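Understanding the architecture of this molecule
The chain contents come next:
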Amino acid sequence: MNNPFMKLKQFLPRLTIQGTPQTTNQGFTLVELIVTTLIASTVLALSLQLITDQRKQFLTDQLRSQNSQTLRTGMNLIGDGIRSAGDNLQNDTELPVISVIDKDDSENDTDHDKLIVQRQLIKNTLRLCADLSNGETELTVFKPNDSSCTLGQSPAPSGFDVSVDVFRTFRSQVDGNDTFDTTSVPSVGTCNEESVWAYIHDPVNKRGEFFNYAFETSDANGNYLHRCDDDQWEYEYEHRPQFRDNPKIYLLEEEEFRLNGEVLELVKNRQDSADDILRVTNNIQALEIEVTTDSGSSTSFNPDVMTNETPWSTIRDEFQYVSVRLQAKDVAESDLLARKNSSGEEQEIDILSKFFPRNASSFSSQEPD
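1. Quick word on the side chain of glutamate 254
Relative to the helices and strands, glutamate 254 resides in strand S9 (residues 252-260). Residue classification places glutamate 254 among the buried positions, given a relative accessible area of 3%. Within the structure, the side chain of glutamate 254 is placed 2.8 Å from the side chain of glutamine 118, a separation counted as a polar contact. For glutamate 254, the residues in contact, after removing those within four places along its chain, are Ile116, Val117, Gln118, Phe210, Val267, Lys268, Asn269 and Arg270.

2. So, the sheet that holds strand S5 (residues 196-202)
Spatially, six strands are ordered S3-S8-S5-S6-S7-S4 in an open sheet, and the strand pairing comes out antiparallel. Whereas interior strands pair on both sides, the edge strands pair on one side only; in this sheet they are strand S3 (126-127) and strand S4 (138-142). Examined bridge by bridge, S5 and strand S8 (residues 248-250) share three bridges and lie antiparallel to one another. Bridging across to S8, isoleucine 200 finds its partner in isoleucine 249. Packing against the sheet, helix H4 (residues 162-173) makes contact with S3, S4, S5, strand S6 (207-219), strand S7 (222-227) and S8, and its axis sits at approximately 95° to S6.

3. Re the pattern of salt bridges
Opposite charge on two side chains makes pairing possible when the charged atoms of those side chains draw close. Per the counting criterion, the structure on display carries 17 salt bridges. Here lysine 114 ties to glutamate 256 by a salt bridge, and the two come within 3.7 Å at their closest N and O atoms. Residue lysine 114 is located in strand S2 (residues 114-120), and its partner glutamate 256 is located in strand S9; the two are separated by 142 residues in the primary sequence. Judged by its relative accessible area of 13%, glutamate 256 falls in the buried class.

4. Thoughts on a negative patch on the surface
Side chains of Asp131, Glu136, Glu138, Asp219, Glu236 and Glu238 sit close together on the surface and give a patch of like negative charge. Locating glutamate 138 in the fold gives a position in strand S4.

5. Side note on the pairing of strand S10 (residues 263-268)
The sheet contact formed by S9 and S10 spans six bridges and is antiparallel. Counted as the bridge partner of glutamate 256 is valine 267 from S10. Joining the antiparallel neighbours S9 and S10 is a turn of two residues, in which glycine 261 adopts a positive phi near 70°. Sheet topology note: the S10/strand S11 (residues 278-281) ladder contains three bridges and is antiparallel. Note that in S11 the partner of glutamate 265 across the bridge is arginine 279.

6. Notes on the confidence of the model for the protein
For the protein, the average pLDDT comes to 79, and 75% of its residues sit at 70 or higher. Averaged over each element, pLDDT in the protein is lowest for helix H2 (residues 12-19) (49) and highest for S5 (95). Note that residues 298-306 has pLDDT below 50 and, in this model, 25 contacts with residues that lie over four places away or in other chains. Contacts for the low-pLDDT stretch residues 333-337, under 50 throughout, to residues beyond four places or in other chains number 13 contacts.

Definitions and limits used
Residues numbered from 1 in each chain as written. Predicted model: local features only at pLDDT ≥ 70, side-chain atom pairs only at ≥ 80, totals over all residues. Heavy atoms only, no water. Helix = DSSP H or I, 4+ residues; strand = E, 2+ residues; numbered from the N terminus. Buried < 20%, exposed > 50% of the residue type's maximum accessible area, 1.4 Å probe, protein only. Polar contact = N/O pair within 3.5 Å; in protein donor to acceptor, adjacent residues only side chain to side chain. Contact = heavy atoms within 4.5 Å. Pairing = 2+ DSSP bridges. Axes fitted to C-alpha atoms, helices over the stretch in contact; angles between N-to-C directions. Salt bridge = Lys/Arg side-chain N within 4 Å of Asp/Glu carboxyl O. Patch = residues over 30% accessible without salt bridge, like charges linked within 9 Å, V, L, I, M, F, W, Y side chains within 5 Å. Areas by Shrake-Rupley, 256 points an atom, 1.4 Å probe, with all protein chains shown as cover. Lys, Arg positive; Asp, Glu negative; His and termini not counted. Charge placed at Lys NZ, Arg CZ, Asp CG, Glu CD. pLDDT = per-residue confidence, 0-100.

Structure representation (structure tokens):
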């Protein structure tokens, strides 16, 4: 019996062998691996370069922002000092009030000028009524019926001259309360929380110095201030018969702005020990000061217009403004990101401002003879 499936069966092995697709174990070729590796390396390198550049740009912008803030902080502090210069000194004709000490080096790349401003804490001043020399800690500031050292004011209820009593009241309040906690003359070198810095100025020799005093006394012969710090007098001070020639005593605050290396420093009342100096900000390359008057000024940022101890009365009528320039280097992490000018040199960041003392226009040239 002929079975049709038997005929088909004899063809099945051939169909199976011929119909089954062939398989292979062959991988990527060497060329394919090299090309793939090169492409991956290029993409990775570009990605890393982009990330690095973005990081440098971020850090550079951050540093530039910090530098700008640094300059602004220093400029604001200097500006406040200039604006308040001369407070309570409207009737004084002898103090410098504003001084510029010029320091212009030949290359003009480390121009570290100094600016000194003065303001008085109270309006009253005292006159020296007896000679003062080294070793003395008692300053005679009032004598009854002595026209060379008093304006003829009646004594206050406390027994002190009116101006001395104002000094006394101010001193008692510097510790935050109105009570007179100091009850006797302190020993030299034992200044306390009720001591204050005062300034004695010789109008004839145009010089002066700060001292710390902590107590006032009164007797039938006059009123006295008692120095409490243990420093010696830098100068001797002579009592003179002419009222306006007598050395004067102020409750004065003086601020000196200067550069020490790349640090902007503030020195108060000429106390320049390491513990007393206020370090305002760093990374400052130059401090340049210029005083402009009606007669004009140099094209330089820092002409030698004013010197220390030049009386304010000699310049105030022509005074216009004080220009202050602070400069800091443009700190960049790489030459790629550093700002450069047309000559290829790195640019600095600087700021220029002009200030005017708020009391300059109200100063008077009148003073008792």
